[in-house]
Amino acid sequence: MDLRIFTEPQQGATYDTLLAVAKATEDLGFDAFFRSDHFLSMGSGDGLPGPTDAWLTLAGLARETRRIRLGTLMTAGTFRLPGVLAIQVAQVDQMSGGRVELGLGAGWFEQEHKAYGIPFPKEKFARLEEQLAIVTGLWETKPGNTFDFHGTYYDLTDSPALPKPAQSRIPVLIGGHGTSRTPKLAAEYADEFNIPFASIEDSERQFGRVRAAAEAAGRKADDLIYSNALVVCVGKDDQEVARRAALIGREVDELKANGLAGSPSEVVDKIGRYAETGSRRIYLQVLDLDDLDHLELISSQVQSQLS
């Protein structure tokens, strides 16, 4: 079971804070540092000092880290034109020496689009399908050839399809709870399918849908990696768990029901139950980015047991 650190910088974080978390992620032996792609805080927080851009952040971290994978859960398809996104991600992959992964979703948070003047189209999922075809098509086009795409929403003619990533194939993540179109899209384009903030039972059902869709599309179901994203709140004892829960504005019982919370042994046990569904990777949503001791505890007393 891979453990990856997943951050939500729109809730309030500077680049320096994210750099500190990424370096701790690397030093403590975690597999990857991922971040959300949002421009507006959610809930009651003020989001100070303000948002940071996902791919600008990852470009900086690409030069400041050496081992960990870097990526997004999920880049919003509404934020970037697919041709430009393909260039950005390929460049960051080169800057990292081939450690980038692209999670790409349709976009959903209408309020942040209004706040920053970003168009919020009605038909987002159909656009996402074209975006995936374009981004992967540009990367897969052989040097010296050109790429064309003529769709409903995007039109590319004689694209040189440059630059190329450092990796032969940048892993593409697709995720969500949709029961029909999402599994089919994952079967066609994804290297990994991620379900965020889902119960063990819901994860098992959704993984089953994706596995069936992959087989229907002529792929082996095990060609995909299946993963979860879950909030994490671990403590050496009940008092430490309660303190960490209070600092992120959550209740312990709710965190235990809907995430990975409690003592290290409780969290290891629950991760094991997710593993039984076929999950091979957990993105630990860390909400207090100043609490690097939390990461050290997870590394020494949770990750160590899993490995």
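Preceding this paragraph is the structure being described.
None of the values given here were measured: they were computed from a predicted structure.

**Student:** What's the story with a negative patch on the surface in this structure? I'm lost.
**Tutor:** Taken together, the side chains of Glu201, Glu204, Asp269 and Glu276 make up a negatively charged region of the molecular surface. Along the polypeptide, Asp269 turns up in helix α10 (residues 264–275).

**Student:** Would you take a moment to explain the packing of aromatic side chains for this structure?
**Tutor:** Two measures describe an aromatic ring pair: the distance that separates the ring centres and the angle between the ring planes. According to the stated counting rule, one finds six aromatic pairs in the structure shown. With a centroid separation of 5.0 Å and an interplanar angle of 70°, the aromatic rings of Phe34 and Tyr283 are classed as edge-to-face. Of this pair, Phe34 sits in strand β2 (residues 32–35) while Tyr283 sits in strand β12 (residues 281–286), and the two are 249 residues apart along the sequence. When the centroid spacing of 5.1 Å and the interplanar angle of 25° are considered together, the rings of Trp108 and Phe109 count as stacked. What makes Trp108 exposed here is its relative accessible area of 56%.

**Student:** I would appreciate a short explanation of helix α7 (residues 200–216) in the present structure.
**Tutor:** Each turn of an α-helix holds 3.6 residues, which means side chains three or four residues apart point in the same direction. Given a rise of 1.5 Å per residue, 17 residues ought to cover 24 Å, and the 24 Å separating the end C-alpha atoms of α7 matches this to within 8%. For α7, the set of buried residues is Ile200, Ser203, Gln206, Phe207, Val210, Ala213 and Ala214. Across the axial projection of α7, the buried residues extend over an arc of 145°, all falling on one side. Of the exposed residues in α7, the ones pointing more than 90 degrees away from its buried face are Glu215 and Ala216. Those residues of α7 that are buried are in contact with α6 (181–189), β9 (192–196), β10 (225–234) and α10. Gly218 sits one or two positions beyond α7 and adopts a positive phi of about 90°.

**Student:** Would you mind going over the side chain of Gln206 with me for this structure?
**Tutor:** Its location among the elements puts Gln206 in helix α7. In this structure Gln206 comes out as buried when scored by relative accessible area, which is 1%. Within the local environment of Gln206, its side chain forms a polar contact with the backbone oxygen of Gly178, the two atoms lying 2.7 Å apart. Setting aside its immediate chain neighbours within four residues, Gln206 contacts Gly176, His177, Gly178, Thr179, Pro183, Phe193 and Ile195.

**Student:** Got a minute to help me understand helix α2 (residues 54–64) in this structure?
**Tutor:** Residues of α2 that are buried: Ala54, Trp55, Thr57, Leu58, Ala59, Leu61 and Ala62. Those residues of α2 that are buried are in contact with α1 (15–27), β2, β3 (69–72), β4 (75–76), α3 (82–96) and β5 (100–105). For α2, the side-chain oxygen to backbone nitrogen distance between the N-cap and Trp55 is 3.0 Å, and the N-cap itself is Asp53.

**Student:** Where do I start with the pattern of salt bridges in this structure?
**Tutor:** Opposite charge on two side chains allows them to pair when their charged atoms are near. The full count for this structure, using the stated rule, is 20 salt bridges. Put simply, Arg281 and Glu192 hold a salt bridge, and the shortest N to O gap is 2.6 Å. Of the two residues, Arg281 is situated in strand β12 and Glu192 in strand β9; the sequence distance between them amounts to 89 residues. Here Arg281 matches Glu192 in class, with each residue buried. Residue Arg250 pairs with Glu254 through a salt bridge whose shortest N-O separation is 2.9 Å. Under the relative-accessibility criterion, Arg250 is labelled partly exposed at 26%.

What counts, and at which threshold
Per chain, residues are indexed from 1 in the order of the written sequence. Only residues with pLDDT of at least 70 get local features here, since the model is predicted, and only at 80 or more are side-chain atom pairs given and counted; chain-wide, interface and lining totals rely on the full set of residues. Remark: hydrogens and water are excluded; side-chain values derive from all non-hydrogen atoms of the structure. Within the patch definition used here, like charges are joined within 9 Å and nonpolar side chains (Val, Leu, Ile, Met, Phe, Trp, Tyr) within 5 Å, considering only residues with over 30% relative accessible area and no salt bridge. In these tables, accessible area is a Shrake-Rupley quantity obtained with a 1.4 Å probe, and a residue counts as shielded only by the protein chains included in the view. One side-chain nitrogen of Lys or Arg within 4 Å of one carboxyl oxygen of Asp or Glu is enough to make a salt bridge. The sign given to each residue is positive for Lys and Arg and negative for Asp and Glu; His and the chain ends receive no count. Taken as the charge location is NZ of Lys, CZ of Arg, CG of Asp or CD of Glu. In this text, helices come from DSSP runs of H or I with a minimum length of four residues, and strands from runs of E with a minimum of two, each type numbered from the N-terminal end. Side-chain rings of Phe, Tyr and Trp (the six-membered ring for Trp) are treated as a pair once their centres are within 6.5 Å; stacked means planes under 30 degrees apart, edge-to-face means over 60, and tilted covers the remaining angles. Any residue under 20% of the maximum accessible area for its type is buried, any over 50% is exposed, and the rest in between are partly exposed; the area is computed with a 1.4 Å probe on protein chains only. To estimate how far a helix should extend, the number of its residues minus one is multiplied by 1.5 Å. Directions pointing from the helix axis toward each C-beta atom define the arc. Two residues qualify as a contact provided that any one of their heavy atoms is within 4.5 Å of a heavy atom in the partner residue. Counted as a polar contact is a pair of N or O atoms within 3.5 Å, where, for protein atoms, one must be capable of donating a hydrogen and the other of accepting one, and residues adjacent in sequence contribute only when both atoms are in side chains.

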